[in-house]
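Structural features, examined
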Amino acid sequence: MTSRIAIFGAGSIGCFIGGKLLAAGNEVIFYGRPDLQIAVQTSGLRLTELEGNETLIPAEQITFSTDPAILSDADLILVTVKSRDTETAGRTIRDHCSHYPSVISLQNGIENTAILRRLLPGYKVTGGMVPFNILRMEQTVFHRGTEGTLILQESPETLPLQQALERAGLTTETHRDISSILWGKLLLNLNNAINALSGLPLRQQLAQQAYRRVLATCIRETLTVLRVANIRPAKTGKVIPNLLPLILTLPDPLFIKVAGAMLKMDDNARSSMWEDLQRGREPEVDYINGAVIRLGEKIGVATPANQTITRLMRAAHANGKGSPSLSAEKLQNYFN
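In short, a report on the structure. (Residues numbered from 1 in each chain as written. Predicted model: local features only at pLDDT ≥ 70, side-chain atom pairs only at ≥ 80, totals over all residues. Heavy atoms only, no water.)

Brief notes about the packing of helix α6 (residues 178-198) against helix α12 (residues 285-299)
Our working rule: Fitted lines through C-alpha atoms serve as axes, helices being fitted only where they are in contact, and the angles separating the N-to-C directions of these axes extend from 0 to 180 degrees. Helical segments are the DSSP runs of H or I of at least four residues, strand segments are the runs of E of at least two, and each set is numbered from the N terminus. When describing relative orientation, an angle under 35 degrees is termed roughly parallel and one over 145 degrees roughly antiparallel, while 65 to 115 degrees is termed roughly perpendicular and anything else oblique. Left-handed describes a crossing whose near helix is turned anticlockwise from the far helix through less than a right angle; right-handed describes the clockwise counterpart. Two residues qualify as a contact provided that any one of their heavy atoms is within 4.5 Å of a heavy atom in the partner residue. Nonpolar residues are Ala, Val, Leu, Ile, Met, Phe, Trp, Tyr, Cys and Pro. Charged residues are Asp, Glu, Lys and Arg, and all others, Gly as well, are polar.
Between α6 and α12, the least distance of the axes is 9 Å, while the angle of their chain directions is 120°. Here α6 is positioned oblique relative to α12, judged by the angle of their axes. Seen from above, α6 lies across α12 with left-handed handedness. Between α6, through Trp183, Leu186, Asn189, Leu190 and Ala193, and α12, the contact on the second element is made entirely by Val285, Tyr287, Ile288, Asn289, Ala291, Val292 and Leu295. Partitioned by chemical class, the residues of the contact of α6 with α12 number 10 nonpolar, 2 polar and no charged.

Below is the structure:
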């Protein structure tokens, strides 16, 4: 058993995974924002799941700090900050963890593990992929609204974490090529911005073909970029990546039937970018769609669809009023 696990960036993903690990008997420490520290140390954590499971963790059982010195004796650090904060996370770990703990990135995006490795020479840095959606429902209530299997990079350093996650009830696999896994996940994450722009729960948004056509356009464009770059995205769910555009453009009744077999989700599931807009935080679009744009520029492949989505998300964030609640037809007009 990993003796001391630190959650660096205890937000939605960090609180859910850290909470599950803590409830299963692991020693877990949380490092995060002052507002969440106050809430957690007052009310504890309540973790709910689409299957109906619920985990309650009393406040007195939780160690949550805003002081990075708490990281100084961690054996394993799970980095769950937003991609824009990865550089800061790396420098903080370097400055407070001279004992070289293992570091595992559980973040959206492609570049985070490489950034951490650059900033943490001599540390054992690996990557992972979180497939499910976690929504902060109330102050300290975190809900998993979709299913999925956690994937960790195959490594001796990740074995103790895999075992701990399994004991905590989180299905986990390892994969040798984590980069291909992250690109496979990014294809699915291209819907995060579309969901945020729609303002709808994921189930309602994906039930409308016009929204799905926009997503299919972004995925098709990304697959072209990856093919030219000689990158093969791995299958991270139940569908081969190259088939995603075809499935997304099926008529609504047929898609709903197929999607029900592909991915289970409940009515509460929303993308993290929607939550970012609602809370006035900068969304991660530059690290999802933006990663496609940067790779396209590098290899000379145009990415107008992903550029359009990125531009719309930046405008929505700058407006400061949450989701613009674009209808499917209005969003599709930007692509005609």
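Some words on the sheet that holds strand β6 (residues 76-79)
Rules: Two strands are said to pair when DSSP picks up at least two bridges between them.
If you walk across this open sheet you meet the 8 strands as β5-β2-β1-β6-β7-β8-β11-β12, and the pairing is mixed. Pairing within the sheet leaves two strands with one partner each, and these edge strands are β5 (63-65) and β12 (172-175). Between one strand axis and the next, the sheet turns by 25° as a mean value, whatever way the strands run. The pairing of strand β1 (residues 5-8) with β6 spans 4 bridges and is classified as parallel.

Overview of a nonpolar patch on the surface
Definition in use: What goes into a patch is any residue over 30% in relative accessible area without a salt bridge, connected to like charges within 9 Å or, for nonpolar side chains (Val, Leu, Ile, Met, Phe, Trp, Tyr), within 5 Å. Surface accessibility follows the Shrake-Rupley procedure with a 1.4 Å probe radius. Residue values consider only the protein chains on display as shielding. Every case where a carboxyl oxygen of Asp or Glu lies within 4 Å of a side-chain nitrogen of Lys or Arg is listed as a salt bridge. Each residue's exposure class comes from its accessible area (1.4 Å probe, protein chains only) as a fraction of the maximum for that residue type: buried when under 20%, exposed when over 50%, partly exposed otherwise.
A cluster of nonpolar residues, Ile240, Leu243 and Leu246, forms a patch on the protein surface that exposes about 290 Å² of accessible area. If you trace the backbone, Ile240 turns up in the loop between α8 (209-228) and α9 (244-248). According to the relative accessible area criterion, Ile240 is partly exposed, its value standing at 48%.

A word on unusual backbone geometry
Positioned with a positive phi, Tyr100 is a non-glycine residue whose angle comes to about 60°. Relative to the assigned elements, Tyr100 resides in the loop between α3 (86-96) and β7 (102-105). Tyr100 gets classed as partly exposed once you look at its relative accessible area, which sits at 47%. Phi is positive for Ser325, which is not a glycine, with a value near 50°. For Ser325, the position within the fold is in the loop between α13 (304-319) and α14 (328-333).

So, the sheet that holds strand β4 (residues 54-57)
Read across the sheet, 4 strands follow the order β4-β3-β10-β9 without closing on themselves; strand pairing throughout is mixed. Since the sheet does not close on itself, it has two edges, and those belong to β4 and β9 (134-138), each with one partner. Strand after strand, the sheet turns through a mean of 20° between neighbouring axes, direction not considered. Sheet strands in contact with helix α1 (residues 12-23) are β3 (45-49), β4, β9 and β10 (141-144), and its direction is about 95° off that of β3.

Keep in mind these values describe shape, not function.
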